[in-house]
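# Breakdown of the fold
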Amino acid sequence: MLGFAFSVAILVVTQAIISGFETELRDRVLNLIPHITIQSHGGTMDLDDLENQLEDLSFEYRGSPELEIDGLIVVHPQAGLNEEASERRGRVEVARLTGIDPDRHLRRSTIEEFVDADAMSRLTSGSFQILLGRDKARELKVTTGDFVTVVMKEATLTLVGAVPRQRRFQVAGIIDTRTFLDALTAYIHIDDAARLQRLNEGITTYRLQIDDPFDAVRLASEILARELRLTSSYSVSTWFSKEKYGGLADRIAASRNLLVLIFSLMVAIAAFNLISTVVVFVNERKEDIAVLRTLGGGRVLIGSSFLITGFMISLLGLLSGGVLGVLMGYGLELGLPIFSNLLSVNLLEGYFVQELNIEFVVSDLFLVAVIGLSLTILAAIYPAWRAMRLDPVEILRSD
(Lines give C-alpha, C1' and ligand atoms only; values in the text may rest on other atoms or scores of the structure.)
Protein backbone atom coordinates (compact mmCIF):
# COMPACT_ATOMS: atom_id res chain seq x y z
CA MET A 1 0.00 0.00 0.00
CA LEU A 2 2.85 2.41 0.81
CA GLY A 3 4.50 1.73 -2.53
CA PHE A 4 1.22 2.35 -4.30
CA ALA A 5 0.69 5.58 -2.30
CA PHE A 6 4.15 6.89 -3.19
CA SER A 7 3.61 6.19 -6.91
CA VAL A 8 0.25 7.97 -6.82
CA ALA A 9 1.85 10.94 -5.02
CA ILE A 10 4.47 11.32 -7.77
CA LEU A 11 1.75 11.20 -10.44
CA VAL A 12 -0.28 13.84 -8.56
CA VAL A 13 2.75 16.16 -8.27
CA THR A 14 3.63 15.71 -11.94
CA GLN A 15 0.11 16.63 -13.02
CA ALA A 16 0.16 19.69 -10.73
CA ILE A 17 3.50 20.90 -12.14
CA ILE A 18 2.29 20.59 -15.75
CA SER A 19 -0.99 22.32 -14.87
CA GLY A 20 1.06 25.11 -13.29
CA PHE A 21 3.05 25.49 -16.50
CA GLU A 22 -0.19 25.72 -18.48
CA THR A 23 -1.51 28.40 -16.13
CA GLU A 24 1.73 30.37 -16.43
CA LEU A 25 1.56 30.09 -20.21
CA ARG A 26 -1.98 31.46 -20.20
CA ASP A 27 -1.60 34.19 -17.55
CA ARG A 28 2.01 35.35 -17.99
CA VAL A 29 2.59 34.77 -21.70
CA LEU A 30 -0.64 34.54 -23.70
CA ASN A 31 -2.15 37.56 -21.94
CA LEU A 32 0.91 39.63 -22.90
CA ILE A 33 1.80 38.56 -26.41
CA PRO A 34 -0.38 39.25 -29.49
CA HIS A 35 -2.49 36.34 -30.69
CA ILE A 36 -2.61 37.58 -34.29
CA THR A 37 -0.11 39.95 -35.91
CA ILE A 38 -0.51 41.89 -39.15
CA GLN A 39 2.99 42.91 -40.23
CA SER A 40 3.85 45.38 -42.98
CA HIS A 41 6.78 44.68 -45.30
CA GLY A 42 8.65 47.49 -47.01
CA GLY A 43 6.44 50.34 -45.82
CA THR A 44 3.76 51.43 -43.39
CA MET A 45 0.03 50.79 -43.12
CA ASP A 46 -2.66 53.40 -42.64
CA LEU A 47 -4.24 52.74 -39.23
CA ASP A 48 -7.72 54.10 -39.98
CA ASP A 49 -7.94 52.20 -43.27
CA LEU A 50 -6.80 48.97 -41.63
CA GLU A 51 -9.27 49.20 -38.75
CA ASN A 52 -12.14 50.04 -41.08
CA GLN A 53 -11.49 46.83 -42.99
CA LEU A 54 -11.10 44.78 -39.80
CA GLU A 55 -14.48 45.97 -38.52
CA ASP A 56 -16.15 43.73 -41.11
CA LEU A 57 -14.68 40.62 -39.46
CA SER A 58 -17.05 38.23 -37.71
CA PHE A 59 -15.09 38.01 -34.44
CA GLU A 60 -14.36 40.30 -31.51
CA TYR A 61 -10.81 41.48 -30.96
CA ARG A 62 -8.75 44.08 -29.14
CA GLY A 63 -6.28 45.83 -31.44
CA SER A 64 -3.09 47.75 -30.76
CA PRO A 65 -1.12 49.72 -33.41
CA GLU A 66 2.65 49.53 -33.07
CA LEU A 67 5.92 50.66 -34.65
CA GLU A 68 8.92 48.36 -34.44
CA ILE A 69 12.51 49.61 -34.41
CA ASP A 70 15.76 47.66 -34.71
CA GLY A 71 18.51 49.36 -32.77
CA LEU A 72 20.91 49.36 -29.87
CA ILE A 73 20.43 50.40 -26.26
CA VAL A 74 23.62 51.99 -24.92
CA VAL A 75 24.51 53.04 -21.39
CA HIS A 76 26.97 55.94 -21.75
CA PRO A 77 29.55 56.81 -19.10
CA GLN A 78 28.83 59.99 -17.18
CA ALA A 79 30.98 62.38 -15.21
CA GLY A 80 31.33 61.87 -11.47
CA LEU A 81 30.41 58.19 -11.55
CA ASN A 82 30.31 56.26 -8.33
CA GLU A 83 31.59 52.70 -8.18
CA GLU A 84 28.19 51.13 -8.85
CA ALA A 85 27.47 53.36 -11.85
CA SER A 86 30.91 52.78 -13.32
CA GLU A 87 30.15 49.08 -13.64
CA ARG A 88 27.45 49.73 -16.20
CA ARG A 89 29.10 52.37 -18.37
CA GLY A 90 29.59 51.50 -21.99
CA ARG A 91 27.16 48.56 -21.87
CA VAL A 92 25.41 47.85 -25.16
CA GLU A 93 22.42 45.60 -25.86
CA VAL A 94 20.82 44.79 -29.21
CA ALA A 95 17.11 45.47 -28.91
CA ARG A 96 13.92 45.42 -30.89
CA LEU A 97 12.03 48.39 -29.55
CA THR A 98 8.28 48.50 -29.89
CA GLY A 99 6.46 51.80 -30.10
CA ILE A 100 3.02 51.47 -28.50
CA ASP A 101 -0.02 53.55 -27.71
CA PRO A 102 -0.21 52.87 -23.93
CA ASP A 103 -3.98 53.24 -23.66
CA ARG A 104 -4.73 50.89 -26.54
CA HIS A 105 -1.95 48.50 -25.56
CA LEU A 106 -3.51 48.02 -22.12
CA ARG A 107 -6.74 46.87 -23.78
CA ARG A 108 -5.05 43.83 -25.30
CA SER A 109 -2.36 43.16 -22.71
CA THR A 110 -2.17 42.63 -18.95
CA ILE A 111 1.22 44.32 -18.76
CA GLU A 112 0.04 46.62 -15.95
CA GLU A 113 0.10 43.58 -13.62
CA PHE A 114 3.86 43.28 -14.01
CA VAL A 115 5.04 46.90 -13.86
CA ASP A 116 4.71 49.79 -11.40
CA ALA A 117 1.34 51.56 -11.55
CA ASP A 118 2.89 54.91 -12.53
CA ALA A 119 5.21 53.50 -15.20
CA MET A 120 2.62 53.31 -17.98
CA SER A 121 1.35 56.82 -17.21
CA ARG A 122 4.90 58.17 -17.67
CA LEU A 123 5.00 56.71 -21.17
CA THR A 124 3.58 59.78 -22.94
CA SER A 125 4.19 61.33 -26.34
CA GLY A 126 7.38 63.41 -26.39
CA SER A 127 8.50 62.27 -22.94
CA PHE A 128 11.10 59.85 -24.39
CA GLN A 129 10.55 57.32 -21.63
CA ILE A 130 11.25 53.60 -22.05
CA LEU A 131 9.97 50.42 -20.37
CA LEU A 132 12.50 47.59 -20.12
CA GLY A 133 12.07 43.94 -19.29
CA ARG A 134 13.73 42.78 -16.08
CA ASP A 135 16.40 40.69 -17.79
CA LYS A 136 17.15 43.42 -20.34
CA ALA A 137 17.52 45.98 -17.54
CA ARG A 138 19.70 43.57 -15.56
CA GLU A 139 22.06 43.14 -18.52
CA LEU A 140 22.34 46.92 -18.87
CA LYS A 141 22.56 47.33 -15.06
CA VAL A 142 19.96 50.08 -15.07
CA THR A 143 16.84 50.68 -13.02
CA THR A 144 13.91 53.10 -12.95
CA GLY A 145 15.07 56.69 -13.41
CA ASP A 146 18.36 55.84 -15.16
CA PHE A 147 19.12 57.06 -18.68
CA VAL A 148 19.97 55.00 -21.76
CA THR A 149 20.61 55.96 -25.37
CA VAL A 150 18.74 54.32 -28.23
CA VAL A 151 20.88 54.16 -31.38
CA MET A 152 19.21 53.37 -34.69
CA LYS A 153 20.89 50.90 -37.02
CA GLU A 154 20.09 53.16 -39.97
CA ALA A 155 22.44 56.13 -40.31
CA THR A 156 21.69 59.64 -41.56
CA LEU A 157 23.93 61.16 -44.22
CA THR A 158 25.40 64.54 -43.18
CA LEU A 159 28.22 66.78 -44.39
CA VAL A 160 30.64 64.91 -42.15
CA GLY A 161 29.43 61.47 -43.27
CA ALA A 162 26.96 58.90 -42.06
CA VAL A 163 25.82 59.56 -38.49
CA PRO A 164 23.55 57.10 -36.70
CA ARG A 165 20.33 58.56 -35.34
CA GLN A 166 20.14 58.37 -31.57
CA ARG A 167 18.06 59.63 -28.69
CA ARG A 168 18.41 59.62 -24.94
CA PHE A 169 15.61 57.89 -23.02
CA GLN A 170 14.82 57.65 -19.33
CA VAL A 171 13.79 54.30 -17.87
CA ALA A 172 10.14 54.70 -16.83
CA GLY A 173 9.79 51.27 -15.27
CA ILE A 174 10.90 47.63 -15.20
CA ILE A 175 8.56 44.91 -16.49
CA ASP A 176 8.89 41.78 -14.36
CA THR A 177 6.86 38.87 -15.74
CA ARG A 178 9.46 36.28 -14.65
CA THR A 179 9.32 34.70 -18.11
CA PHE A 180 11.53 34.71 -21.19
CA LEU A 181 9.67 37.85 -22.31
CA ASP A 182 11.70 39.91 -19.83
CA ALA A 183 14.76 39.47 -22.04
CA LEU A 184 12.92 40.74 -25.14
CA THR A 185 10.77 43.60 -23.90
CA ALA A 186 11.53 47.26 -24.64
CA TYR A 187 8.59 49.65 -25.07
CA ILE A 188 8.51 53.35 -26.00
CA HIS A 189 5.63 55.60 -27.01
CA ILE A 190 4.53 55.17 -30.62
CA ASP A 191 4.98 58.90 -31.32
CA ASP A 192 8.57 58.78 -30.04
CA ALA A 193 9.20 55.75 -32.25
CA ALA A 194 7.83 57.66 -35.25
CA ARG A 195 10.19 60.55 -34.49
CA LEU A 196 13.16 58.18 -34.37
CA GLN A 197 12.18 56.68 -37.71
CA ARG A 198 11.18 60.07 -39.10
CA LEU A 199 7.69 58.91 -40.01
CA ASN A 200 4.80 61.32 -40.23
CA GLU A 201 2.05 58.69 -40.20
CA GLY A 202 1.39 54.99 -40.53
CA ILE A 203 2.28 51.89 -38.52
CA THR A 204 4.38 48.82 -39.24
CA THR A 205 2.50 46.33 -37.06
CA TYR A 206 -1.05 45.80 -35.84
CA ARG A 207 -1.51 43.26 -33.06
CA LEU A 208 -4.81 41.60 -32.12
CA GLN A 209 -5.91 39.90 -28.93
CA ILE A 210 -8.86 37.49 -28.99
CA ASP A 211 -10.84 35.70 -26.28
CA ASP A 212 -9.61 32.21 -27.18
CA PRO A 213 -5.94 32.25 -28.20
CA PHE A 214 -6.16 28.67 -29.48
CA ASP A 215 -8.63 29.86 -32.13
CA ALA A 216 -6.03 32.23 -33.61
CA VAL A 217 -5.17 30.07 -36.63
CA ARG A 218 -8.76 29.94 -37.86
CA LEU A 219 -9.30 33.67 -37.37
CA ALA A 220 -6.01 34.52 -39.07
CA SER A 221 -7.19 32.51 -42.07
CA GLU A 222 -10.36 34.61 -42.12
CA ILE A 223 -8.25 37.79 -42.22
CA LEU A 224 -6.16 36.42 -45.09
CA ALA A 225 -9.29 35.42 -46.97
CA ARG A 226 -10.48 39.04 -46.90
CA GLU A 227 -7.37 40.19 -48.78
CA LEU A 228 -6.96 43.50 -46.99
CA ARG A 229 -6.29 46.43 -49.30
CA LEU A 230 -3.22 48.08 -47.82
CA THR A 231 -0.58 50.42 -49.22
CA SER A 232 2.21 47.91 -48.61
CA SER A 233 2.64 44.16 -48.71
CA TYR A 234 1.83 42.46 -45.43
CA SER A 235 1.74 39.11 -43.68
CA VAL A 236 -0.59 37.66 -41.06
CA SER A 237 0.86 35.38 -38.39
CA THR A 238 -0.30 33.88 -35.11
CA TRP A 239 1.37 33.19 -31.77
CA PHE A 240 0.88 29.49 -32.50
CA SER A 241 3.43 29.48 -35.33
CA LYS A 242 6.65 27.56 -34.68
CA GLU A 243 8.69 30.73 -35.23
CA LYS A 244 6.96 32.37 -32.25
CA TYR A 245 5.49 30.71 -29.19
CA GLY A 246 3.41 27.83 -30.50
CA GLY A 247 6.16 25.38 -29.66
CA LEU A 248 5.58 26.12 -25.98
CA ALA A 249 2.02 24.83 -26.05
CA ASP A 250 3.07 21.76 -28.05
CA ARG A 251 5.92 20.96 -25.68
CA ILE A 252 3.75 21.34 -22.59
CA ALA A 253 1.04 19.09 -24.04
CA ALA A 254 3.62 16.50 -25.15
CA SER A 255 5.32 16.63 -21.74
CA ARG A 256 2.02 16.08 -19.96
CA ASN A 257 1.13 13.04 -22.07
CA LEU A 258 4.59 11.51 -21.79
CA LEU A 259 4.99 12.07 -18.04
CA VAL A 260 1.49 10.80 -17.28
CA LEU A 261 2.28 7.66 -19.28
CA ILE A 262 5.62 7.12 -17.51
CA PHE A 263 4.29 7.63 -13.99
CA SER A 264 1.15 5.63 -14.75
CA LEU A 265 3.51 2.73 -15.41
CA MET A 266 4.96 3.31 -11.93
CA VAL A 267 1.45 3.18 -10.50
CA ALA A 268 0.83 0.01 -12.52
CA ILE A 269 3.95 -1.66 -11.10
CA ALA A 270 2.88 -0.77 -7.56
CA ALA A 271 -0.68 -1.88 -8.26
CA PHE A 272 0.33 -5.25 -9.64
CA ASN A 273 2.42 -5.83 -6.53
CA LEU A 274 -0.98 -6.27 -4.95
CA ILE A 275 -1.22 -9.57 -6.85
CA SER A 276 1.41 -11.19 -4.63
CA THR A 277 -0.13 -9.65 -1.51
CA VAL A 278 -3.65 -10.87 -2.25
CA VAL A 279 -2.36 -14.28 -3.47
CA VAL A 280 -0.63 -14.76 -0.10
CA PHE A 281 -3.86 -13.65 1.57
CA VAL A 282 -5.78 -16.27 -0.43
CA ASN A 283 -3.34 -19.03 0.59
CA GLU A 284 -3.60 -18.00 4.26
CA ARG A 285 -7.40 -18.11 4.13
CA LYS A 286 -7.87 -21.40 2.23
CA GLU A 287 -9.48 -23.12 5.20
CA ASP A 288 -11.87 -20.19 5.71
CA ILE A 289 -12.76 -20.30 2.02
CA ALA A 290 -13.49 -24.04 2.27
CA VAL A 291 -15.74 -23.54 5.33
CA LEU A 292 -17.64 -20.72 3.57
CA ARG A 293 -18.14 -22.94 0.53
CA THR A 294 -19.49 -25.84 2.63
CA LEU A 295 -21.90 -23.43 4.36
CA GLY A 296 -23.34 -22.48 0.97
CA GLY A 297 -21.13 -19.59 -0.07
CA GLY A 298 -20.91 -19.37 -3.83
CA ARG A 299 -17.91 -18.69 -6.02
CA VAL A 300 -19.12 -15.12 -6.68
CA LEU A 301 -19.15 -14.38 -2.93
CA ILE A 302 -15.60 -15.69 -2.53
CA GLY A 303 -14.26 -13.86 -5.57
CA SER A 304 -15.95 -10.56 -4.71
CA SER A 305 -14.54 -10.73 -1.16
CA PHE A 306 -10.99 -10.68 -2.46
CA LEU A 307 -11.82 -8.09 -5.09
CA ILE A 308 -13.16 -5.83 -2.33
CA THR A 309 -10.02 -6.52 -0.28
CA GLY A 310 -7.78 -5.37 -3.14
CA PHE A 311 -10.06 -2.41 -3.75
CA MET A 312 -9.88 -1.30 -0.09
CA ILE A 313 -6.09 -1.59 -0.05
CA SER A 314 -5.84 0.48 -3.23
CA LEU A 315 -8.37 3.03 -1.93
CA LEU A 316 -6.32 3.58 1.22
CA GLY A 317 -3.17 3.86 -0.87
CA LEU A 318 -4.88 6.27 -3.25
CA LEU A 319 -6.09 8.55 -0.44
CA SER A 320 -2.69 8.45 1.26
CA GLY A 321 -0.94 9.12 -2.05
CA GLY A 322 -3.24 12.05 -2.82
CA VAL A 323 -2.53 13.72 0.53
CA LEU A 324 1.20 13.00 0.20
CA GLY A 325 1.21 14.39 -3.36
CA VAL A 326 -0.44 17.65 -2.27
CA LEU A 327 2.06 18.06 0.57
CA MET A 328 4.97 17.29 -1.76
CA GLY A 329 3.65 19.79 -4.32
CA TYR A 330 3.38 22.69 -1.91
CA GLY A 331 6.71 21.70 -0.40
CA LEU A 332 8.34 21.92 -3.83
CA GLU A 333 6.74 25.28 -4.55
CA LEU A 334 7.97 26.77 -1.26
CA GLY A 335 11.29 24.97 -1.04
CA LEU A 336 12.62 25.27 -4.59
CA PRO A 337 13.52 29.01 -4.32
CA ILE A 338 15.29 28.36 -0.99
CA PHE A 339 17.16 25.40 -2.44
CA SER A 340 18.13 27.41 -5.55
CA ASN A 341 19.46 30.27 -3.40
CA LEU A 342 21.50 27.92 -1.23
CA LEU A 343 23.13 26.32 -4.27
CA SER A 344 23.26 29.60 -6.25
CA VAL A 345 21.76 27.71 -9.20
CA ASN A 346 18.60 28.54 -11.14
CA LEU A 347 16.95 25.13 -11.39
CA LEU A 348 14.36 26.51 -13.83
CA GLU A 349 16.93 27.92 -16.23
CA GLY A 350 15.95 27.03 -19.77
CA TYR A 351 12.23 27.04 -18.98
CA PHE A 352 9.91 29.83 -20.14
CA VAL A 353 9.09 30.70 -16.51
CA GLN A 354 11.41 31.45 -13.61
CA GLU A 355 9.05 30.43 -10.80
CA LEU A 356 7.56 27.01 -10.06
CA ASN A 357 3.79 27.22 -9.85
CA ILE A 358 1.98 24.18 -8.47
CA GLU A 359 -1.70 23.98 -9.39
CA PHE A 360 -3.96 21.11 -8.41
CA VAL A 361 -6.86 20.67 -10.82
CA VAL A 362 -9.89 18.55 -9.95
CA SER A 363 -9.92 16.88 -13.38
CA ASP A 364 -6.26 15.87 -12.96
CA LEU A 365 -6.92 14.38 -9.52
CA PHE A 366 -9.93 12.54 -10.95
CA LEU A 367 -7.73 11.12 -13.73
CA VAL A 368 -5.20 9.89 -11.16
CA ALA A 369 -8.01 8.25 -9.17
CA VAL A 370 -9.40 6.52 -12.27
CA ILE A 371 -5.94 5.28 -13.29
CA GLY A 372 -5.11 4.03 -9.79
CA LEU A 373 -8.41 2.28 -9.11
CA SER A 374 -8.59 0.73 -12.58
CA LEU A 375 -5.11 -0.73 -12.33
CA THR A 376 -5.64 -2.12 -8.82
CA ILE A 377 -8.96 -3.73 -9.72
CA LEU A 378 -7.26 -5.37 -12.72
CA ALA A 379 -4.46 -6.55 -10.43
CA ALA A 380 -6.92 -8.05 -7.94
CA ILE A 381 -8.81 -10.07 -10.57
CA TYR A 382 -6.23 -12.90 -10.72
CA PRO A 383 -6.10 -13.59 -6.94
CA ALA A 384 -9.91 -13.44 -6.79
CA TRP A 385 -10.11 -15.91 -9.68
CA ARG A 386 -7.72 -18.25 -7.83
CA ALA A 387 -9.88 -18.07 -4.71
CA MET A 388 -12.96 -18.92 -6.75
CA ARG A 389 -11.22 -22.01 -8.23
CA LEU A 390 -10.22 -23.53 -4.87
CA ASP A 391 -11.82 -26.98 -4.21
CA PRO A 392 -13.16 -27.11 -0.61
CA VAL A 393 -13.12 -30.94 -0.60
CA GLU A 394 -9.36 -31.12 -1.29
CA ILE A 395 -8.62 -28.41 1.26
CA LEU A 396 -10.67 -30.00 4.08
CA ARG A 397 -9.35 -33.52 3.25
CA SER A 398 -5.75 -32.40 3.62
CA ASP A 399 -6.63 -30.49 6.79
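See the structure above.
One structure accompanies this document, and this report is about it. (Residues numbered from 1 in each chain as written. Predicted model: local features only at pLDDT ≥ 70, side-chain atom pairs only at ≥ 80, totals over all residues. Heavy atoms only, no water.)

## Description of the nonpolar core
This is how the line gets drawn: Take the buried Ala, Val, Leu, Ile, Met, Phe, Trp, Tyr and Cys residues and link them wherever side-chain atoms come within 4.5 Å; each set so joined is a nonpolar core. The buried label applies to any residue whose accessible area, calculated with a 1.4 Å probe on protein chains only, is under 20% of its type's maximum; exposed applies above 50%, and partly exposed to all values in between. We call two residues in contact when some of their heavy atoms are within 4.5 Å.
By size, the foremost hydrophobic cluster in this structure holds 63 residues, and its most contacted members are Ile 38, Ile 130 and Leu 132. Once you skip the residues sitting within four places of it in the chain, Ile 130 turns out to touch Ile 73, Leu 97, Leu 123, Val 148, Val 150, Phe 169, Gln 170, Val 171, Ala 172, Gly 173, Tyr 187 and Ile 188. In terms of nonpolar packing, the next biggest core, distinct from the first, is built from 15 residues, Phe 4, Val 12, Ala 270 and Ile 371 among them.

## Here we look at helix α12 (residues 362–389)
Each turn of an α-helix holds 3.6 residues, which means side chains three or four residues apart point in the same direction. Under the convention used in this document: A run of H or I in DSSP counts as a helix once it spans at least four residues, and a run of E counts as a strand once it spans at least two, with each numbered from the N terminus. The span one expects for a helix is its residue count, reduced by one, times 1.5 Å. Fitting axes to the seven residues that end at a residue and to the seven that start at it, the angle between those axes gives the bend at that residue.
An ideal rise of 1.5 Å per residue puts 40 Å on 28 residues; α12 measures up with 41 Å between its terminal C-alpha atoms. The largest bend along α12 reaches roughly 30° and is located at Ile 381, with the proline Pro 383 sitting one to four residues downstream. Every buried residue of α12 is accounted for by Asp 364, Val 368, Ile 371, Gly 372, Leu 375, Thr 376, Ala 379, Ala 380, Pro 383, Ala 384 and Ala 387.

## A few points about the packing of aromatic side chains
Using the following cut-off: To pair, rings of Phe, Tyr and Trp, with the six-membered ring standing in for Trp, must have centres within 6.5 Å; the planes then decide the type, stacked if under 30 degrees apart, edge-to-face if over 60, and tilted in the middle. Whether a charge sits over a ring comes down to the Lys NZ or Arg CZ being within 6 Å of the ring centre and within 35 degrees of the ring normal.
In this structure the tally under the stated criterion is 4 aromatic pairs. An angle of 80° between the planes, with centres 5.5 Å apart, marks the rings of Phe 214 and Trp 239 as edge-to-face. In this pair, Phe 214 sits in the loop between β8 (205–209) and α8 (216–226) while Trp 239 sits in the loop between β9 (233–238) and α9 (246–284), placing the two residues 25 residues apart along the sequence. Look at Phe 214 and you get exposed, because its relative accessible area is 51%. Overall, the relative accessible area of 1% leaves Trp 239 in the buried class. Lying over the aromatic face of Phe 128, Arg 167 brings its terminal NZ or CZ to 3.8 Å of the ring centre. Residue placement shows Arg 168 over the ring face of Phe 147; its charged tip is 3.9 Å from the ring centre.

## Notes on the packing of helix α1 (residues 2–30) against α12
Cut-off, in case you're wondering: Note on definitions: angles span 0 to 180 degrees between N-to-C directions of axes, and those axes are lines fitted to C-alpha atoms, for helices only across the stretch in contact. An angle below 35 degrees is treated as roughly parallel, one above 145 as roughly antiparallel, one from 65 to 115 as roughly perpendicular, and anything else as oblique. In this scheme the crossing of two helices becomes right-handed for a clockwise turn of the near helix relative to the far one and left-handed for an anticlockwise turn of less than a right angle.
Where α1 meets α12, the axes come as close as 10 Å, and the angle between the chain directions of the two elements is 150°. Viewed along their axes, α1 and α12 adopt a mutual orientation that is roughly antiparallel. Here α1 runs over α12; the crossing is right-handed. Touching Phe 4, Val 8, Leu 11, Val 12, Gln 15 and Ser 19 of α1 are Asp 364, Leu 365, Leu 367, Val 368, Ile 371, Gly 372 and Thr 376, all from α12.

## A short note on α8
Which entries qualify depends on this criterion: The arc under discussion is defined with respect to the helix axis, by the directions toward the C-beta atoms.
Turning to α8, its buried residues number three or more, namely Ala 216, Leu 219, Ala 220, Glu 222 and Ile 223. Projected down its long axis, α8 carries its buried residues within an arc of 155°, all on one side. In this structure, the buried residues of α8 make contact with β1 (36–41), β8 and β9. Downstream of α8 by a residue or two, Glu 227 has a phi angle that is positive, lying close to 50°.

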